[in-house]
Amino acid sequence: MAFHFRFGPADLLRCRFSFSPRWETQEAVRVLLDRRRHAYHLPWLRGIRTAAAGLDLRPLWLLMPRTGHNPDFLSPPPTGPSVTFEEELARVRAADPQAAREDLRRSLVCTPGALESAAGQRMLADPERAVQELADLYEQAWRALVAPHWPRLRALLEADVLFHSRRLAAGGLEALFDGLHPDLSWSDGTLTIARRGHHDRSLDGQGLLLMPSAFVWPEVVGGYDPPWQPTLAYPARGIGALWTAPAGPAPLALARLLGRARADVLCALTEPASTTALAHRLSLAPSTVSSHLKTLQQAGLLIPSRHGHQILYERTPLAIALTGAEPPAFEERRPGGGAPEAVRAQPGWGSPRTESGGWPRGG
């Protein structure tokens, strides 16, 4: 049993990358339920413990079945490469109430007892109110759980998009899909996701939206029923180091050569990053970081590349040698190793359990 995306000639030309702060919020909420997802996010879980305890996320959890349908209107695919959470939430709030009611019903029937529950019945009785209340909950979750960490998360997602865009340019779709996730396979114009259940979707000229995610690990999920844009969410590269403490100060010799501030900027570029992300990482003003980046670029130590409205900077081979770092290998770095001991859950974090997703899943 598997999930199939079937490509036509036009679809091969319409694959693109994006990421979504609203999707990351949804999956962050899901991490609170699914202990299998805790392994790489323990520092984050500890940091948001108090904030999470102040949220009543049960209505959202009710719509996250272990297998089955997750409401499409609650997580519309991003419309561009740099969409904001506010823009995405406005699309959720604008959902048609009757279409949302059917979406909610399809999801509720996938969790035993959810359709008959008082909360489920309230949603179906007044879908217009349900849409607004669910949007309010996601806004609260964004502000409490994700927004304080968004610069760090965005830098990770931007670096992933840059890496895989190059992989696509170098080896085509076959090389790209081979490196995204072990459950993906590409053959004869069909992308297959190995999983329980069966789903067969022709892309019909829409192409496929590829969306890295920090919180979806260890799953890869894909779907959206027509007329939504077909989308595939996969774990972003480098999540094992996402919550690690910042690196120490630059080597003394390098600081003497370049100046302490510019050396720190150069050493902080372990992955391609934007000015804003570096400023957040180093606790410096964006204008200061921008000035240092310009100087380092002029010295031949950085290469800028544009992704949408963002410019990402990465180190040249000379800069890699100066910082004493290993050059990045052109292959996917998959998370590995055993999971650390999970943190003790807040009251209510363990039920109902979810698998992952946000889209149709086989039963």
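Above this text sits the structure in question.
Residues numbered from 1 in each chain as written. Predicted model: local features only at pLDDT ≥ 70, side-chain atom pairs only at ≥ 80, totals over all residues. Heavy atoms only, no water.

With reference to specific residues and values, describe the overall build of the protein.
Within the protein, the secondary structure is distributed over 15 helices and 10 strands. Looking at the protein residue by residue over its 363 residues, the buried ones come to 53%. Considering only contacts within the protein whose residues lie at least 6 apart along the sequence, 75% involve residues at least 24 apart. (Helix = DSSP H or I, 4+ residues; strand = E, 2+ residues; numbered from the N terminus. Buried < 20%, exposed > 50% of the residue type's maximum accessible area, 1.4 Å probe, protein only. Contact = heavy atoms within 4.5 Å.)

Requested: an account of the packing of aromatic side chains, with residues and values cited.
Counted by the stated rule, this structure contains 10 aromatic pairs. Here the aromatic rings of Phe7 and Trp186 are separated by 5.0 Å at their centres, their planes lie at 85°, and the arrangement is edge-to-face. Here Phe7, found in the loop between strand 1 (2–6) and helix 1 (9–12), pairs with Trp186, found in strand 3 (residues 184–187); they are 179 residues apart in sequence, far enough to count as distant. The exposure class assigned to Phe7 is buried, which follows from its relative accessible area of 12%. Here Trp186 falls in the partly exposed class, since its relative accessible area comes to 22%. Members of the aromatic cluster, connected to one another through ring pairs, are Phe19, Phe85, Trp142 and Trp150. Across from the ring centre of Tyr138, 4.3 Å away, lies the NZ or CZ of Arg22, which sits over that ring. When the ring centre of Phe163 is taken as origin, the NZ or CZ atom of Arg237, which lies over that ring, is 3.7 Å away. (Phe/Tyr/Trp six-rings, centres within 6.5 Å; stacked < 30°, edge-to-face > 60°. Lys NZ or Arg CZ within 6 Å of the ring centre and 35° of its normal.)

Kindly report on the sheet that holds strand 1, identifying the contributing residues and their values.
Taken together, the four strands give an open sheet; going across it, the order is 3-4-1-5, and neighbouring strands pair in mixed fashion. If you trace the sheet from one side to the other, it starts and ends with strand 3 and strand 5 (199–202), each paired once. Mean inter-strand twist for the sheet, computed between neighbouring axes without regard to direction, equals 15°. Both strand 3 and strand 4 (residues 190–194) contribute to a ladder of four bridges, which runs antiparallel. The residue of strand 4 that forms the bridge with Trp186 is Leu191. Seen against the sheet, helix 10 (residues 150–180) touches strand 3 and strand 4 and runs at an angle of roughly 160° to strand 3. (Pairing = 2+ DSSP bridges. Axes fitted to C-alpha atoms, helices over the stretch in contact; angles between N-to-C directions.)

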